[in-house]
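# Topology and contacts: notes
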Amino acid sequence: MKLIISMIDEYECRVEYAKATITDVLTRQCTTHKAGACPTEIVGLSESCDYLICKQPFCDDYVSLEDDKHSAAENMKAVRPTGTYGADVWLYWIEDKAWILGDLHKGNIRRLHGSIPTVIDCLVGEVPPEVMTKHAAIGRAIIRAKEWRKGNKPKPEGLILNSDDDL
């Protein structure tokens, strides 16, 4: 599977799950490893060539799922955008592209030797330019992720108040 993020109207975007190709899976493996996820050994293809067979023998169990998930995503220099998207997502920047990161459930969060939280499996998808430019929260998170990849760790975004007089 992979993630797709798209605009559903002028102001909202949504993340959905979609069927992935072998190329999508290889892209996921490469981008997440470059971003800082734990290496996964690619063993080969199934006899029917429908599935890429991988194994991940290097990690221990997580200690606290929520704390370790947050740390593991941050170890990939991923930023959580404000808002709701139909799935719990983060954004990271690698290879001059913005990527959406999700599916960080208890089976996908582990600890490297030395007790460092890491992502061992996930779902990703490339963020289309339309979403980056039209959705403000996604755009801000991508800017923050891009700066972090350059070595400038972002400060927490904090509360943004609307200047509407009705508030």
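Further up the page is the structure itself.
Quick notes on the rules
- Residues numbered from 1 in each chain as written.
- Predicted model: local features only at pLDDT ≥ 70, side-chain atom pairs only at ≥ 80, totals over all residues.
- Heavy atoms only, no water.
- Helix = DSSP H or I, 4+ residues; strand = E, 2+ residues; numbered from the N terminus.
- Polar contact = N/O pair within 3.5 Å; in protein donor to acceptor, adjacent residues only side chain to side chain.
- Contact = heavy atoms within 4.5 Å.
- Pairing = 2+ DSSP bridges.
- 1 Å grid on protein atoms, 1.4 Å probe; cavity = no way out; pocket = protein on both sides within 12 Å on 5 of 7 lines; lining within 4 Å.
- Points joined across faces, edges and corners; volume = space filled by probe spheres on them.
- Nonpolar A, V, L, I, M, F, W, Y, C, P; charged D, E, K, R; others polar.
- Axes fitted to C-alpha atoms, helices over the stretch in contact; angles between N-to-C directions.

Once that is clear, we can look at the side chain of Arg110. Along the polypeptide, Arg110 turns up in strand β8 (residues 109-112). At a separation of 3.3 Å, a polar atom in the side chain of Arg110 contacts the main-chain carbonyl oxygen of Lys106. Leaving out residues up to four positions away in the same chain, Arg110 has contacts with Cys59, Asp60, Asp61, Tyr62, Ile116, Pro117, Thr118 and Ile120.

Here β8 pairs with strand β9 (residues 116-119) via four bridges, running antiparallel. What sits directly across from Arg111, in β9, is Pro117.

Turning our attention to the layout of surface pockets. The method is simple in principle: a probe with the dimensions of a water molecule rolls over the atoms, and the space it marks as empty is what remains. By volume, the largest pocket is sized at about 420 Å³. At the level of secondary structure, the elements contributing two or more residues to the lining of the largest pocket comprise α1 (22-35) and β4 (52-55). Counting residues per element, the lining of the largest pocket draws most heavily on α1, at four residues. For the lining of the largest pocket, the residue count by class is nine nonpolar, four polar and five charged. Taken as a whole, the second largest pocket spans an internal volume of roughly 240 Å³. Where the lining of the second largest pocket is concerned, the elements lending two or more residues are α2 (65-75) and α4 (136-149). In the lining of the second largest pocket, the residues fall into seven nonpolar, two polar and six charged.

Judged by pairing direction, the sheet is antiparallel, and its three strands sit side by side in the order β6-β7-β10 without closing on themselves. Lying at the two open borders of the sheet, with one neighbouring strand each, are β6 (90-94) and β10 (123-126). Across the sheet, the mean angle separating the axes of adjacent strands is 30 degrees when strand polarity is ignored.

Limitation: the analysis is restricted to geometry and does not speak to function.
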